[in-house]
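Residue strings, one per chain:
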Amino acid sequence: MTLIVHHLNNSRSQRLLWMLEELELPYEIRFYERDRRTMLAPPELKQVHPLGKSPVLEDGRIKLVETGAICEYLVEKTGKLGPADHDQGLRDYRQFIHYAEGSVMPMLLLMLAMSKVPLLGKVAIRKVQPMVDTHLDYIEQVLASRPWFAGQQMTAADIMMSFPLEAATSRAGLGASRPASMAWLKKIHARPAYQAALKKGGPYDYA
């Protein structure tokens, strides 16, 4: 049965397309466009799920939201892109699957929101930036010590961490001063599955 992805342009749901390409699973994309004035998801997504958010994955009668939960579902479904079979790899895998949305993205979204507030927003960003830098320094330390977030092989944790690092290059000053992070981004962007997902997913400003 072909999976259905409800995909919003320029959003975190691009990660799901990449994961499906890595897994070589057949899928259909249903496209949704942001409101150009507010940049919010369109109301049509609420007809798919009450939260009105993307991505949503349909697998027959199963309907899932939250990218991390969807990634874990696909790992269980296929037996691929999971952690290495040892304690440390499993712990790192679980940590970064949840760290992406639980710790890093809230800070980046706060910076985005503050950037739209005149004057006071700039003051707030200056106060938030050190907290973001703490996360970016930690990520740099991890990627300087090993090739992937959960060890020696790519896992769904890397897919989850892709959007925070991509967003940080445009919102939070991630750049050449953190070479391991930038090399990791270059590595994932070169993957054939990533490139295939870009072609299918439509406009995506963070690649």
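Draft legend 1. Here's a closer look at the pairing of strand β1 (residues 3-8). In terms of burial, β1 is a largely internal element, six of the six residues being buried. Alternating residues of β1 divide into Leu3, Val5 and His7 and Ile4, His6 and Leu8, and every residue in both groups is buried. In this sheet, strand β2 (residues 27-32) lies alongside β1 in parallel orientation, the contact comprising six bridges. Along β2, the bridge assignment pairs Ile4 with Glu28. Regarding topology, helix α1 (residues 14-23) serves as the crossover connection from β1 to the parallel β2, and that connection is right-handed. With three bridges joining them, β1 and strand β3 (residues 56-59) adopt antiparallel strand pairing. Counted as the bridge partner of Ile4 is Glu58 from β3.

Draft legend 2. Region of the structure containing the packing of aromatic side chains. What the rule picks out here adds up to nine aromatic pairs. Judged by centre distance (6.1 Å) and plane angle (15°), the ring pair of Phe96 and Tyr138 falls under stacked. Pair noted here: Phe96 is in helix α3 (residues 87-115) and Tyr138 is in helix α4 (residues 120-145), with a separation of 42 residues, a long-range link. Relative to Phe149, the ring of Phe96 has its centre 4.9 Å away and its plane inclined at 50°; by these criteria the two rings are tilted. Within this pair, whereas Phe96 is found in helix α3, its partner Phe149 is found in the loop between α4 and α5 (156-171), the two being separated by 53 residues in sequence. Among the residues examined, Phe96 registers a relative accessible area of 1% and is labelled buried. Given the relative accessible area of 0%, Phe149 is considered buried.

Draft legend 3. View of the nonpolar core. Within the largest apolar cluster, 60 residues are counted, with the highest numbers of intra-cluster contacts made by Met19, Leu74, Phe149, Met161, Leu165 and Trp184. Broken down by element, this core gets its largest block of residues, 10 residues, from α3. Leaving out residues up to four positions away in the same chain, Leu165 has contacts with Ile139, Leu143, Phe149, Leu174, Ser181, Trp184 and Leu185. Formed by five residues, the second largest nonpolar core is a distinct cluster that contains Leu8, Tyr32, Leu45 and Val48.

Draft legend 4. Layout of the pattern of salt bridges. Taken as a whole, this structure holds nine salt bridges when the rule is applied. Between Asp59 and Lys77 there is a salt bridge whose closest N-O contact spans 2.9 Å. Taken together, the positions of Asp59 in strand β3 and Lys77 in helix α2 (residues 67-78) put the pair 18 residues apart, joining distant regions of the chain. Put simply, Arg178 and Asp137 hold a salt bridge, and the shortest N to O gap is 3.0 Å. Here Arg178, found in the loop between α5 and α6 (179-189), pairs with Asp137, found in helix α4; they are 41 residues apart in sequence, far enough to count as distant. A relative accessible area of 9% places Arg178 in the buried class. Given a relative accessible area of 44%, Asp137 falls into the partly exposed group. Within the structure, one salt-bridge network assembled from shared partners comprises Arg12, Arg15 and Glu101.

Draft legend 5. How the structure looks around the environment of Thr2. Tracing the backbone shows Thr2 in the segment before β1. What makes Thr2 partly exposed here is its relative accessible area of 41%. Taking the C-alpha atoms as reference, Thr2 lies 27 Å from His98; in sequence the two are 96 residues apart. Discounting residues that sit within four places of it in the chain, Thr2 has contacts with Pro26, Tyr27 and Glu28.

Rules used throughout
- Every chain's residues receive numbers from 1 upward, in the order its sequence appears when written.
- Reporting in this predicted model follows two pLDDT cut-offs: at least 70 for local features of residues, and 80 or more for side-chain atom pairs to be given and counted; totals over whole chains, interfaces and linings ignore these cut-offs and use all residues.
- Based on all heavy atoms of the structure, the side-chain values leave hydrogens and waters out of the count.
- Relative accessibility thresholds used throughout: buried, under 20% of the residue-type maximum; exposed, over 50%; partly exposed, between the two (1.4 Å probe, protein chains only).
- In this text, helices come from DSSP runs of H or I with a minimum length of four residues, and strands from runs of E with a minimum of two, each type numbered from the N-terminal end.
- Here, any two strands with at least 2 DSSP bridges between them count as paired.
- Crossover handedness is defined by viewing with both strands directed away from the observer: a clockwise path from the first strand over the helix to the second marks the crossover as right-handed.
- Note on aromatic pairs: the rings of Phe, Tyr and Trp (six-membered ring only in Trp) are paired at centre separations within 6.5 Å, and the planes decide the class, stacked below 30 degrees, edge-to-face beyond 60, tilted for the rest.
- We define a nonpolar core as any set of buried Ala, Val, Leu, Ile, Met, Phe, Trp, Tyr and Cys residues linked to one another through side-chain atoms lying within 4.5 Å.
- By definition in these notes, contact holds between two residues if any of their heavy atoms fall within 4.5 Å.
- The term salt bridge refers to a side-chain nitrogen of Lys or Arg lying within 4 Å of a carboxyl oxygen of Asp or Glu.

This is a description of form; function is not addressed.
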